[in-house]
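# Chains, contacts and geometry: an overview
Given next are the chains, with one letter for each unit.
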2 protein chains.
Amino acid sequence: MATIQEVAKKAGVSAATVSRVLNNRNSVKEKTRMRVDQAIRELNYEPSVLGRNLRNSESRLLLVLIPSISNPFYTEIINGIEDTAIGKGYNILLCETDSNPKREAIYFNMVRNRLADGIILMDPTVNRKNLHDLACKHPIIQCSEFDENGTISYVTIDNELAAYQAVKHLIKIGKKKVALINSDEKFLYARERRSGYEKAMKEFGLPIESKWIRSVEQLGFESGQQAMRSLLNEADMPNAVFAVSDVLAIGALKEINSIGLKVPEDIAIIGFDKISFSNMTHPTLTTIAQPMYKMGCISATMIIDKIRGNDVESLILDHELIIREST
Amino acid sequence: MATIQEVAKKAGVSAATVSRVLNNRNSVKEKTRMRVDQAIRELNYEPSVLGRNLRNSESRLLLVLIPSISNPFYTEIINGIEDTAIGKGYNILLCETDSNPKREAIYFNMVRNRLADGIILMDPTVNRKNLHDLACKHPIIQCSEFDENGTISYVTIDNELAAYQAVKHLIKIGKKKVALINSDEKFLYARERRSGYEKAMKEFGLPIESKWIRSVEQLGFESGQQAMRSLLNEADMPNAVFAVSDVLAIGALKEINSIGLKVPEDIAIIGFDKISFSNMTHPTLTTIAQPMYKMGCISATMIIDKIRGNDVESLILDHELIIREST
DNA sequence: ATGAAAGCGCTAACAA
DNA sequence: TTGTTAGCGCTTTCAT
């Protein structure tokens, strides 16, 4: 790569003038500008982000931290983020953290080092102190997950209400023995959705039985299958399942199908997220739709606003119950 | 963030000595090292990647370019890349390009600017010149896709052979009317798999009928459904389908199920990739397994080798036919 | 309108 | 063993 010096030399001006041309300062004579532009083209010059950042502290790069890329839930959000960010002149770097504080720290430091201008965080809060230390000095917003007691702006949905409505729907179609397949409760959404589940059960005078509640560590189909297998082994089997993620619900569905029970007649099932695969199963899956693309767009808008020094308000978006064949 | 100067001041040494401590140079007295470490901790100091890169031209960051994160095919590869790279002290930045040359160019420039040390490219070759210009001066390797006429090292599988075996398997179970649901032929793998399909058909004296060949633009379930719907509308319907991706095969399967035909009795179907979903469908999907995790590990090893200045050889890995219920 | 010079944070060469 | 100095590529005063 050519440097600004070489361009300057070729154009017969100083580096300062080249810099002015690059940054569209208007104090450059048209003729000089032309010569510089010419030299830039001839040398195929690209300004070094490194040198520029070191001076300016701006990279126009955004970090998006997700626990795992294999969860289809994140893909739509990321599409929203990308479309919006690119439209505003920012680029996206996706960072998979595995919810590992060490890996998270590395990416946090990229912002401290001005390698990136801000972070959209979708991880659960693993290290509050580290997170808030960063948030004090650098732009960060949370998407989907957030820290209940913190001051960091976020965009999310009302998980408790959504879960409540899901379970209520199962009860309304006549199912009284509703099981819950939950995620790891390190996730706020998992705690909130359990709470919604309990609220609905209580409201209809149904008992909250720990024998009908499972918590999984991994968010894969296999986890859903395993959880369901274990539920089916209970002497007193549930006749409905609320799974906090479509992926889990699909695994559960597979397990129910494979032992010959009918969905929804024997066991009804409802998922969460409305991932595209949820419409490919047999029967198709009832689920809660989150406005994922919109969440992504809003996250991007929020973080860029914050980078520009504006205040941003947290937002809670609407969800929707999508009734399909599995209930 | 504290700077190296502040640490030096606090420890009562020069910046150079701090730098030596940071980089584990052994020419530092134990006592001095302790004082410096102490100061680093007290100030919560983190070295600036920016300053370091500018000096060293090393970032220990790897760029992974993929067309789309929503394709589960890439997730296992990325897991392999991450595990290997992190083990060797490198971090990963995921870049979604949409196969858009402009977005690709932005990420290419990050390497030119030394913001990242190298690129693992999974995109199809959209701009050969740009790609080879970059490859001349910077470490890059290709994974899965590669440029047939280029000099860039790659790791992939024998797509033509795999497709040939898939189609042969369909023919062997008595299906003579084999349809092909292919991807956009801008992808090399799509061209190779079509070629394998044709080879198998020819070998068994079967006609290659364009009415049984579909090409989709998007790699979603819906594309598979649409392609299948269109195939089912043919007066002379196929009795087997080879889809070049599990995602497409799953969409096709859904479509066949939904009009009441039986798989595999009426129509057999085989996919490609062995994504985790492919085992959740009803019936489960016969598919070709690629060693995706291994491909990721090898890609990472190759690019790091290349960064270190070593020569690396291209590699073609083995695949495997996984026979399940859909055939 | 333009150039010279300083400095962002860091490391390597050289000196002591 | 440690410090001094120069310089990576860029932008921004301050002069001219």
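Residues numbered from 1 in each chain as written. Chains lettered and ligands numbered in written order. Predicted model: local features only at pLDDT ≥ 70, side-chain atom pairs only at ≥ 80, totals over all residues. Heavy atoms only, no water.

### Points about the overall build of chain A
A count of helices and strands for chain A gives 12 helices and 12 strands. Here chain A has a C-alpha radius of gyration of 25 Å; the compact-globule value for 327 residues is 20 Å, and the former is much larger. Counting only C-alpha atoms and orienting by the principal axes, one finds that chain A spans roughly 85 × 40 × 30 Å. In chain A, buried positions account for 56% of the 327 residues. Look at the contacts in chain A between residues 6 or more apart in sequence, and 70% of them connect residues 24 or more apart. Here chain A displays about 13,800 Å² of accessible surface, and carbon together with sulfur accounts for 45% of that area. Averaging the positions of the 41 positive and the 41 negative side-chain charges in chain A gives two centres separated by 7 Å. (Helix = DSSP H or I, 4+ residues; strand = E, 2+ residues; numbered from the N terminus. Rg over C-alpha atoms; globule rule 2.2 N^0.38 Å. Buried < 20%, exposed > 50% of the residue type's maximum accessible area, 1.4 Å probe, protein only. Contact = heavy atoms within 4.5 Å. Areas by Shrake-Rupley, 256 points an atom, 1.4 Å probe, with all protein chains shown as cover. Lys, Arg positive; Asp, Glu negative; His and termini not counted. Charge placed at Lys NZ, Arg CZ, Asp CG, Glu CD.)

### Quick word on the pattern of salt bridges
Applying the stated criterion across every chain yields a total of 27 salt bridges over all chains. With a shortest N-O distance of 2.9 Å, Lys 177 of chain B and Asp 236 of chain B are connected by a salt bridge. Of the two residues, Lys 177 of chain B is situated in the loop between helix 8 (159-172) and strand 6 (178-182) and Asp 236 of chain B in the loop between helix 10 (221-232) and strand 8 (240-243); the sequence distance between them amounts to 59 residues. Of the residues examined, Asp 236 of chain B reaches a relative accessible area of 29% and is grouped as partly exposed. When the shortest N-O distance is used, the salt bridge between Glu 198 of chain B and Arg 194 of chain B registers 3.3 Å. Taken together, the positions of Glu 198 of chain B and Arg 194 of chain B, both in helix 9 (residues 188-203) and four residues apart, correspond to about one turn of that helix. Taking relative accessible area as the criterion, Arg 194 of chain B reaches 24% and is therefore assigned partly exposed. Taken together, the shared-partner salt bridges in this structure form one network comprising Glu 82 of chain A together with Asp 98 and Arg 103 of chain B. (Salt bridge = Lys/Arg side-chain N within 4 Å of Asp/Glu carboxyl O.)

### What to know about the UniProt feature "domain: HTH cro/C1-type" (unreviewed entry) in chain A
UniProt records the feature "domain: HTH cro/C1-type" (unreviewed entry) for residues 3-32 of chain A in the present numbering. For the annotated span residues 3-32 of chain A, helix accounts for 63% and strand for 0% of the residues, and the straight-line distance between the end C-alpha atoms is 18 Å. (UniProt positions renumbered as here; feature names shortened; annotations may be inferred.)

### Regarding the protein's contact with DNA strand D
Around DNA strand D, the surrounding shell holds 29 residues, and the nearest of these are Ile 4 and Tyr 45 of chain A together with Thr 17, Arg 20 and Thr 32 of chain B. In DNA strand D, atoms within 4 Å of the protein come 66% from sugar and phosphate. Contact distances for DNA strand D include 2.4 Å between a base oxygen and a side-chain N or O atom of Arg 20 of chain B. Elements supplying a minimum of two residues to the surface near DNA strand D: helix 2 (15-22) and helix 4 (49-56) of chain A together with helix 2 (15-22) and helix 4 (49-56) of chain B. (Near = heavy atom within 4 Å. Polar contact = N/O pair within 3.5 Å; in protein donor to acceptor, adjacent residues only side chain to side chain.)

### Regarding the packing of helix 5 (residues 72-87) of chain A against helix 12 (residues 292-307) of chain A
Residues and elements named next belong to chain A. Put simply, helix 5 and helix 12 touch, their axes get as near as 7 Å, and they point 45° apart. Regarding the angle of helix 5 to helix 12, the classification is oblique. Crossing hand, helix 5 versus helix 12: right-handed. Two secondary-structure elements touch here, helix 5 through Phe 73, Glu 76, Ile 77, Asn 79, Gly 80, Ile 81, Asp 83, Thr 84 and Ala 85 and helix 12 through Met 292, Tyr 293, Met 295, Gly 296, Cys 297, Ser 299, Ala 300, Thr 301 and Ile 304. Its residues assigned to classes, the contact of helix 5 with helix 12 shows 10 nonpolar, six polar and two charged. (Axes fitted to C-alpha atoms, helices over the stretch in contact; angles between N-to-C directions. Parallel < 35°, antiparallel > 145°, perpendicular 65-115°, else oblique. Left-handed = near helix turned anticlockwise from the far one by under 90°. Nonpolar A, V, L, I, M, F, W, Y, C, P; charged D, E, K, R; others polar.)

### As for the relation of the copies chain A and chain B
Turning chain A through 180° and shifting it by 0.2 Å along the axis lays it on chain B, with an RMSD of 0.4 Å. In short, the pair behaves as if placed about a two-fold rotation axis. When C-alpha distances to the rotation axis are compared across chain A, the minimum falls at Leu 94 of chain A, with a value of 2.4 Å. A shared binding surface is used by both copies, with 98% of the interface residues of chain A retained as interface residues in chain B. (Least-squares fit on C-alpha atoms with pLDDT ≥ 70 in both.)

### What to know about the UniProt feature "domain: HTH lacI-type" (unreviewed entry) in chain A
UniProt tags residues 2-56 of chain A as "domain: HTH lacI-type" (unreviewed entry). From the first C-alpha to the last, residues 2-56 of chain A spans 20 Å; its make-up is 69% helix and 0% strand.

### Observations concerning the sheet that holds strand 8 (residues 240-243) of chain A
All names here are of chain A. Strands sit in the order 7-6-8-9 across an open sheet of four strands; the sheet is parallel. With one partner strand each, in any of the chains shown, strand 7 (213-215) and strand 9 (268-270) form the two edges of the open sheet. The mean angle between the axes of side-by-side strands here comes to 15°, regardless of whether they run parallel or antiparallel. Bridging between strand 6 (residues 178-182) and strand 8 involves four bridges; their strand directions are parallel. (Pairing = 2+ DSSP bridges.)

### Digging into the domain arrangement of chain A
Once the domains are mapped, chain A shows domain 1 (4-47), domain 2 (61-157 + 292-318) and domain 3 (159-289). Just the C-alpha atoms count here: the centres of domain 1 of chain A and domain 3 of chain A sit 63 Å apart. (Domains from an automatic or database assignment.)

### Structural notes on the protein's contact with DNA strand C
Taken together, 28 residues lie around DNA strand C, and Thr 17, Arg 20 and Thr 32 of chain A together with Ile 4 and Tyr 45 of chain B are the ones closest in. Here the atoms of DNA strand C within 4 Å of the protein split so that 68% fall in sugar or phosphate, with bases taking the remainder. The side chain of Asn 23 of chain B places a nitrogen or oxygen atom 3.2 Å from a phosphate oxygen of DNA strand C. Arg 52 of chain B is positioned such that a nitrogen or oxygen atom in its side chain is 2.9 Å from a phosphate oxygen of DNA strand C. Going through the elements one at a time, helix 2 and helix 4 of chain A together with helix 2 and helix 4 of chain B are the ones with two or more residues in the surface near DNA strand C. Top element by residues in the surface near DNA strand C is helix 4 of chain B. It accounts for five residues. Among the residues forming the surface near DNA strand C, the class breakdown is 10 nonpolar, 11 polar and seven charged.

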